[in-house]
Amino acid sequence: QKEVEQDPGPLSVPEGAIVSLNCTYSNSAFQYFMWYRQYSRKGPELLMYTYSSGNKEDGRFTAQVDKSSKYISLFIRDSQPSDSATYLCAMKPGRRALTFGSGTRLQVQP
Amino acid sequence: NAGVTQTPKFRILKIGQSMTLQCTQDMNHNYMYWYRQDPGMGLKLIYYSVGAGITDKGEVPNGYNVSRSTTEDFPLRLELAAPSQTSVYFCASSDYSVETQYFGPGTRLLVL
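Remember, it's a predicted structure, so these values are computed and weren't measured experimentally. (Residues numbered from 1 in each chain as written. Chains lettered and ligands numbered in written order. Predicted model: local features only at pLDDT ≥ 70, side-chain atom pairs only at ≥ 80, totals over all residues. Heavy atoms only, no water.)

1. Quick look at the overall build of chain A
Helices and strands together make up the secondary structure of chain A, namely zero helices and eleven strands. Tracing chain A from N to C terminus, the helices and strands come up as β-β-β-β-β-β-β-β-β-β-β. For 110 residues, the compact-globule formula gives about 13 Å, and the C-alpha radius of gyration of chain A, at 13 Å, lands near that figure. Along the three orthogonal principal directions, the C-alpha set of chain A runs to about 40 × 25 × 20 Å. Looking at chain A residue by residue over its 110 residues, the buried ones come to 45%. Here the analysis covers contacts within chain A between residues at least 6 apart in sequence; of these, 54% occur between residues at least 24 apart. (Helix = DSSP H or I, 4+ residues; strand = E, 2+ residues; numbered from the N terminus. Rg over C-alpha atoms; globule rule 2.2 N^0.38 Å. Buried < 20%, exposed > 50% of the residue type's maximum accessible area, 1.4 Å probe, protein only. Contact = heavy atoms within 4.5 Å.)

Spelled out as structure tokens, the structure:
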């Protein structure tokens, strides 16, 4: 079993839709949770970062962590074609290395 | 500010050949990382470094070597290329806030 599971998609939605992206994990030591966005043929870039359980909002993006269920989510409101990318969840315990999910490919149709 | 730069962008290698993937960052970050990304498999950590002269293995180090003689540079060496090393390689750097890693544009490597 992988430490971090993420549905690869692709997920196709119309412009303006609310998008929900999710990851589940098995390592209860994970404390830091991140979402990276990766455009085609580019390196990933950090989108959101949360520590422990709870919600964090940044513009159209909301990150949610439920440690009791070992489940994290990223919500995108009013999705735009420019949001079309692969979204990678990442997490880590107290030490240095990040563990990445395999990524979900999102396509927002105009 | 160039951020993290990687060369080459693309390379084809024959089995058994060697090559070095170059990575340079201009953000004065102490931490640097090498990942490989295979289709549908996410990013896997190959090696990382917490400062000049200090390197450590990640999840998939076999077949690779690294060195860190300066803060800016973190080259990745493939000694005997194998088809299983066909992948996209990303270099990244961060300060002590490991969560915020800055990635380079990647090197696509094909081993035939």
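2. Overview of the sheet that holds strand β3 (residues 19-25) of chain A
Residues and elements named next belong to chain A. Here we have five strands laid out as an open sheet, ordered β1-β3-β8-β7-β6, and antiparallel in their pairing. At either margin of the open sheet sits one strand with a lone partner, and together these are β1 (4-6) and β6 (54-58). With strand direction ignored, the average angle separating the axes of adjacent strands in the sheet is 15 degrees. Taken together, the six bridges between strand β7 (residues 61-66) and strand β8 (residues 71-76) define a ladder with antiparallel strand orientation. Bridging across to β8, threonine 62 finds its partner in phenylalanine 75. (Pairing = 2+ DSSP bridges. Axes fitted to C-alpha atoms, helices over the stretch in contact; angles between N-to-C directions.)

3. Focus on the pattern of salt bridges
In a structure, side chains of opposite charge can pair up when their charged atoms sit close to one another. Evaluation of the coordinates by the stated rule reveals six salt bridges over all chains. Between arginine 60 of chain A and aspartate 83 of chain A there is a salt bridge whose closest N-O contact spans 2.8 Å. Residue arginine 60 of chain A is located in the loop between β6 and β7, and its partner aspartate 83 of chain A is located in the loop between β8 and β9 (85-92); the two are separated by 23 residues in the primary sequence. When its relative accessible area of 26% is taken as the criterion, arginine 60 of chain A is described as partly exposed. Residue glutamate 79 of chain B is joined to arginine 77 of chain B by a salt bridge in which the shortest nitrogen-to-oxygen separation is 3.3 Å. With a relative accessible area of 38%, glutamate 79 of chain B lands in the partly exposed category. Residue arginine 77 of chain B is classed as partly exposed on the basis of its relative accessible area, which comes to 31%. (Salt bridge = Lys/Arg side-chain N within 4 Å of Asp/Glu carboxyl O.)

4. Describing the packing of aromatic side chains
Throughout the structure, instances matching the rule amount to twelve aromatic pairs over all chains. Ring geometry for phenylalanine 100 of chain A and tyrosine 35 of chain B: centres 5.5 Å apart, planes at 85 degrees, overall edge-to-face. Taken together, the positions of phenylalanine 100 of chain A in strand β10 (residues 99-100) and tyrosine 35 of chain B in strand β4 (residues 31-37) put the pair across two chains. For the pair phenylalanine 100 of chain A and tyrosine 35 of chain B, a shared accessibility class is recorded, and that class is buried. Each ring, one from phenylalanine 90 of chain B and one from phenylalanine 103 of chain B, has its centre 6.4 Å from the other, and the planes form 80 degrees; the classification is edge-to-face. In this pair, phenylalanine 90 of chain B sits in strand β9 (residues 87-94) while phenylalanine 103 of chain B sits in strand β10 (residues 102-103), placing the two residues 13 residues apart along the sequence. With respect to burial, phenylalanine 90 of chain B and phenylalanine 103 of chain B carry one shared label: buried. (Phe/Tyr/Trp six-rings, centres within 6.5 Å; stacked < 30°, edge-to-face > 60°.)

5. Things to note about the pairing of strand β11 (residues 107-111) of chain B
All names here are of chain B. Residues of β11 alternate between two faces, with Thr107, Leu109 and Val111 buried on one and Arg108 and Leu110 left unburied on the opposite face. Pairing analysis gives three bridges linking β9 to β11, with the strands arranged antiparallel. For tyrosine 89, the partnering residue across the bridge sits in β11 and is threonine 107.

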